[in-house]
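Here's the letter readout for the chains.
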Amino acid sequence: MATTVTPVTDRKPGYRDLLRTPGAWTFLLPGFLARQPFAMLTLGIVLLVEDTTGSFGTAGTVSAVTGVSMALFAPRSGRLADRFGQRAVLVPGVLLHAAAVGVLAALALSRAPLWALLLAAVPAGASVPQVGPMVRARWAHLLRGGPDSPGGSGPPGGTGRPDGARLLSTAAAFESVTDELTFVIGPVLATALCTGVHPAAGLAAEAALTVVGGLVFAAQRRTAPPAHRRARGADGAPHASALSVPGVRVLIVAFLGIGSVFGGMQVSLAAFTDSIGQPGLNGVLYGIFAAGNMLAGLVFGALTWRSAPQRRLLAAYALLTLTTAPLWAVDAVPLLAVLGLLAGMGIAPSLITGFTLVERLVPAGVRTEAFTWMAGAVAMGQAGAASAAGQLTDGFGASSGFTVPLAATALALVTVAALRGWLKPRDGRAADGRTGGGQEPRTG
């Protein structure tokens, strides 16, 4: 079960090699801009609704409905992007999302009843642009290519690189780091705008960034994967949904647990800083938590691992569960910052390994859909945890919400351990993404 690093002579292509991929920067920069809203939406809702209602429970419930709506609709959005192309889905989606967020903010400011806020939260969540999964699909397309299988070697429509297979885990790490950088910047920005400018300013900025970043990203058509109107496998049969792959279902459970950490931390940190009379610290503490995730992702992605990815996922998830355990017992800001940093560092290895497994388990024709299932699972876990943490906070105090991430990750860890056999890639690729050169180690 030991995890070892390969010798220096067997060098893994690094971030510099990845960023030299032709066309990468044309979608990375607008993609980063377009992903900022994802880190601002639920927190912006929590801060606005709590300000207008005075209840973290109500705020968490509205935020949860947004997250659940996103989780339910995201895979459909990904499937449409696989079939008709990313631009066809993204352009109308960003405009609809901005309008839906505007309606939700207006209702909150007018102190509309809870049922109206919940109703407005549905389209706000359903229309969240799935830019992160689309970026991951572009990496897979550029690095590996091939229209029908994870191991495909090239076009039609794919470019591929000689070292593309080895760079896929590096790309997964890079995307995890990018996601977490948004969760360093986004919560701080949303908190500063909501507490320093206007309670609705965070959502206003979220809507504006969605439109600008989303439209610029959609305009980068050269790097987009081709549409698979009738994607077929090697036997000529149409590809089923990514959800039909057993390993994808196991990973959804794992990502639900990861989402619970995000949602539980968001609500619980907001409640804790409010309870000590320093609400402005919320963004700082959450930024420290996200920074831990980002730093761990940078280190984890720079190493070459010889152990099987399903083994790494188990080890990383056990670490994540362990780091969430003491949060509920802390009542001092400095110690909470340290523990939040450690909890953040437990997330990145699980996310990176999970996304690496997704790319290996599904065919090219359903990649975007598979990635949106993962993003949707994170959002669903985040939503459920936000609601549960909000209710616990209202009923039992500010620190009680921190028990939600611990319980959810522990349950997910048991599930992943029991069903780890479903996570074995079926094409025999080595654990570090190489093709050939030995069989991947087996899980006991």
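Preceding this section is the structure that the text describes.
This report concerns the structure included in the present document. (Residues numbered from 1 in each chain as written. Predicted model: local features only at pLDDT ≥ 70, side-chain atom pairs only at ≥ 80, totals over all residues. Heavy atoms only, no water.)

1. Describing the overall build of the chain
Link 1 in the chain: Looking only at helices and strands, the chain features 14 helices and zero strands.
Link 2 in the chain: Along the chain direction, N to C, the helices and strands of the chain fall in the order α-α-α-α-α-α-α-α-α-α-α-α-α-α.
Link 3 in the chain: Counting over 444 residues, the chain shows a buried share of 59%.
Link 4 in the chain: Relative to all contacts within the chain whose residues are 6 or more apart in sequence, the contacts with residues 24 or more apart total 82%.
Link 5 in the chain: Total accessible area on the chain is roughly 16300 Å²; 67% of this is exposed by carbon and sulfur atoms. (Helix = DSSP H or I, 4+ residues; strand = E, 2+ residues; numbered from the N terminus. Buried < 20%, exposed > 50% of the residue type's maximum accessible area, 1.4 Å probe, protein only. Contact = heavy atoms within 4.5 Å. Areas by Shrake-Rupley, 256 points an atom, 1.4 Å probe, with all protein chains shown as cover.)

2. Concerning the pattern of salt bridges
Link 1 in the chain: Inspection of every chain in the model, using the stated rule, returns two salt bridges.
Link 2 in the chain: With a closest N to O distance of 2.7 Å, Arg35 and Glu175 form a salt bridge. Of this pair, Arg35 sits in helix α2 (residues 24-53) while Glu175 is found in helix α7 (residues 164-196), placing the two residues 140 residues apart along the sequence. Side by side, Arg35 and Glu175 carry an identical accessibility label, which is buried.
Link 3 in the chain: Glu369 is paired through a salt bridge with Arg79; the nearest N and O atoms lie 2.7 Å apart. In this pair, Glu369 sits in helix α13 (residues 367-396) while Arg79 sits in helix α3 (residues 56-84), placing the two residues 290 residues apart along the sequence.
Link 4 in the chain: On the accessibility criterion, Glu369 (2% relative accessible area) is buried.
Link 5 in the chain: Using a relative accessible area of 25% as the deciding quantity, one classes Arg79 as partly exposed. (Salt bridge = Lys/Arg side-chain N within 4 Å of Asp/Glu carboxyl O.)

3. Structural notes on the side chain of Ser63
Link 1 in the chain: With respect to the element layout, Ser63 can be found in helix α3.
Link 2 in the chain: The exposure class of Ser63 is buried, given its relative accessible area of 2%.

4. Focus on the packing of aromatic side chains
Link 1 in the chain: Across all of its chains, the model carries five aromatic pairs by this definition.
Link 2 in the chain: Plain terms: the ring middles of Phe255 and Phe355 are 5.1 Å apart, the flat faces sit at 90 degrees to each other, and that makes the pair edge-to-face. Separated by 100 residues along the polypeptide, Phe255 in helix α9 (residues 246-275) and Phe355 in helix α12 (residues 333-361) bring together distant segments of the chain. Residues Phe255 and Phe355 agree in their burial class; the two are buried.
Link 3 in the chain: Between Phe355 and Phe371, the aromatic rings sit 6.0 Å apart at their centres with planes inclined by 55 degrees, giving tilted as the arrangement. In this pair, Phe355 is assigned in helix α12 and Phe371 in helix α13, connecting sequence segments 16 residues apart.
Link 4 in the chain: Among the residues examined, Phe355 registers a relative accessible area of 8% and is labelled buried.
Link 5 in the chain: On the basis of relative accessibility, which here comes to 3%, the residue Phe371 falls in the buried class.
Link 6 in the chain: Through a chain of ring-to-ring contacts, the aromatic side chains of Phe27, Trp139 and Phe174 assemble into a single cluster.
Link 7 in the chain: Note that Arg136 overlies the ring of Phe355, its terminal NZ or CZ placed 3.6 Å from the centroid. (Phe/Tyr/Trp six-rings, centres within 6.5 Å; stacked < 30°, edge-to-face > 60°. Lys NZ or Arg CZ within 6 Å of the ring centre and 35° of its normal.)

5. Looking at the environment of Ile252
Link 1 in the chain: Take Ile252: it is sitting in helix α9.
Link 2 in the chain: Linking Ile252 and Val416, residues 164 residues apart in sequence, is a C-alpha distance of 9.9 Å.
Link 3 in the chain: Each residue touching Ile252, except ones within four places of it in the same chain, is listed here: Leu243, Trp373, Met374 and Ala377.

6. Some thoughts on unusual backbone geometry
Link 1 in the chain: The backbone phi angle of Arg111 is positive, close to 55 degrees, even though this residue is not glycine.
Link 2 in the chain: Note that Arg111 resides in the loop between α4 (86-109) and α5 (114-126).

7. Quick word on α5
Link 1 in the chain: Taking 1.5 Å of rise per residue, the 13 residues of α5 would be expected to cover 18 Å, and the 19 Å separating its terminal C-alpha atoms lies within 8% of that figure.
Link 2 in the chain: For α5, every residue scored as buried is listed here: Ala116, Leu117, Ala120, Ala121, Ala124 and Gly125. In an axial view of α5, the angular spread of the buried residues amounts to 155 degrees, which keeps them on one side of the axis. Exposed side of α5, more than 90 degrees from the buried face: Trp115 and Leu119 are the residues found there. (Expected span 1.5 Å × (residues − 1). Arc of directions from axis to C-beta.)

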